[in-house]
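# Structure at a glance
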2 protein chains.
Amino acid sequence: MTDQHSTLRARRRAQTRRTIQAHAVRLFSERGYDATTMNDVAEAAGVSPMTVYRHFATKEDLVLVDQHAELVAERIVASPAGGPLVRRIGGALIDAATALTGDADRQLLLARLQLMISTPALRARHLDNQYALQQAIIGALGDDATDPDTAFQAQAAASACLAALHTALVRWAEDDGRTDLPELIGKALAAVFGDDAVGPVR
Amino acid sequence: MTDQHSTLRARRRAQTRRTIQAHAVRLFSERGYDATTMNDVAEAAGVSPMTVYRHFATKEDLVLVDQHAELVAERIVASPAGGPLVRRIGGALIDAATALTGDADRQLLLARLQLMISTPALRARHLDNQYALQQAIIGALGDDATDPDTAFQAQAAASACLAALHTALVRWAEDDGRTDLPELIGKALAAVFGDDAVGPVR
DNA sequence: ACCAAGTTGGTAGTGACTATCATGAGGGTA
DNA sequence: TACCCTCATGATAGTCACTACCAACTTGGT
């Protein structure tokens, strides 16, 4: 629907959005998140404060916005429905991480992640995003939500997988992205569930 | 240090603090968190807005403040140092939950938890508090932080335990506190780590 | 009675965020 | 080419969380 306008207008909009976010992340990293105002970001990006709010609903979104949930969810749906929960979820997380860290703006991803971890307000909202991701995963699993016990187990398994993911992300950020992220996620999952639960050794 | 003043002054201060929080949680539950201003809280509690800020640094703290971390940490320290991580941490969480749900202001705890889960801003900060609790747990484990791999495994185990805790808390809040919280936590841990990992069946 | 310290209240600000209206630049249609 | 219609952007004024800063009052010990 809103996609294939692809005309000049859409490209410009996407461009200003990228510009704003790039300047925002840069300023936040340089001066600190709290010490940077929305006006500072607008000025650096060469737009009015209003335009910043048009593209990012909150200051936190300047760092946090992503739609990785879809990426993970579609891999969950594609995974064999019969397998153990942890393997399905863990595999999807590793696959998604492989795709993301191969991406061009991997540096931006790393900078954003480091901000998320070091800034309390951002860390909180990041964790909440993970919680939203958890609900997306539950939905993608396609299990019958009718049985409360099954649902409870799915919640528990997914939350633990995401906890492992977060542990790996923190480690990755601390290493400035030098280590292989998918491998780190695999190690974290193995540390939680045991070496055999995650799948064949890479 | 700051405790045994216990004189009239300290008791009054504690009293106003309780009054403010009680009115705040009531208003938040009735009208919604975002629809209630700090002035509303102050007015309902019969104090000036300044006084509210003196007792609670942020609006979120009106719902979130607790020092459960110490409660858990001291139980971790008391647990046998040799055992498996998951059992030590899980046991401490269950013990702490048993103590808290037996408490007098259990209703307040439940109301606060329901607010935390339903309000995005509060949920985010609650999850961040869990993250802080995780660090407290890691510290209480007393493991050598020198070995990065050991530390990484401790982080992964602790984060997964807290994820299970959170799953149990959500379920408890949904049930309006009717189910037994410690038992729920045990089930969540069992769902994540397998039935044998948590300890002898209750 | 007197002083020190702690609790409270008032004022004036900053900064995130919203609502509303105005303007000018695409982009399809006659 | 001329005409709208949409949409991205901008400016203004306002709300609300939160922060100094200063003033007044109460309590507890000497």
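The rules behind the values
- Residues numbered from 1 in each chain as written.
- Chains lettered and ligands numbered in written order.
- Predicted model: local features only at pLDDT ≥ 70, side-chain atom pairs only at ≥ 80, totals over all residues.
- Heavy atoms only, no water.
- Helix = DSSP H or I, 4+ residues; strand = E, 2+ residues; numbered from the N terminus.
- Contact = heavy atoms within 4.5 Å.
- Areas by Shrake-Rupley, 256 points an atom, 1.4 Å probe, with all protein chains shown as cover.
- Lys, Arg positive; Asp, Glu negative; His and termini not counted.
- Charge placed at Lys NZ, Arg CZ, Asp CG, Glu CD.
- Expected span 1.5 Å × (residues − 1).
- Buried < 20%, exposed > 50% of the residue type's maximum accessible area, 1.4 Å probe, protein only.
- Near = heavy atom within 4 Å.
- Polar contact = N/O pair within 3.5 Å; in protein donor to acceptor, adjacent residues only side chain to side chain.

With that settled, consider the overall build of chain A. The secondary structure content of chain A amounts to 10 helices and 0 strands. Partitioning the intrachain contacts of chain A with sequence separation of at least 6 by distance along the chain shows that 68% fall at a separation of at least 24. When the accessible surface of chain A is summed, it comes to about 10400 Å², and 52% of that surface belongs to carbon and sulfur atoms. Across chain A, 21 positive and 25 negative side-chain charges occur, with their mean positions spaced 9 Å apart.

A few words on helix α7 (residues 106-118) of chain A. Side chains that are three or four residues apart share a direction in an α-helix, a result of its 3.6 residues per turn. Residue and element names in this part refer to chain A. If you check α7, its first and last C-alpha atoms are 19 Å apart, about what 13 residues at 1.5 Å a residue would give, namely 18 Å. All of the buried residues along α7 are Leu 109, Leu 110, Arg 112, Leu 113, Leu 115, Met 116 and Ile 117. Considering only its buried residues, α7 is in contact with α1 (8-31), α4 (61-64), α5 (68-78), α6 (85-101), α8 (120-141) and α9 (148-174).

Taken together, 22 residues lie near DNA strand D, and A:Thr51, A:Arg54, A:His55, B:Arg9 and B:Lys59 sit nearest. Taking the atoms of DNA strand D that fall within 4 Å of the protein, sugar and phosphate contribute 64% of them. The contact in question runs from a base oxygen of DNA strand D to an N or O atom on the side chain of A:Arg54, over 3.0 Å. Here a phosphate oxygen of DNA strand D sits 2.6 Å away from a polar atom, N or O, in the main chain of B:Lys59.

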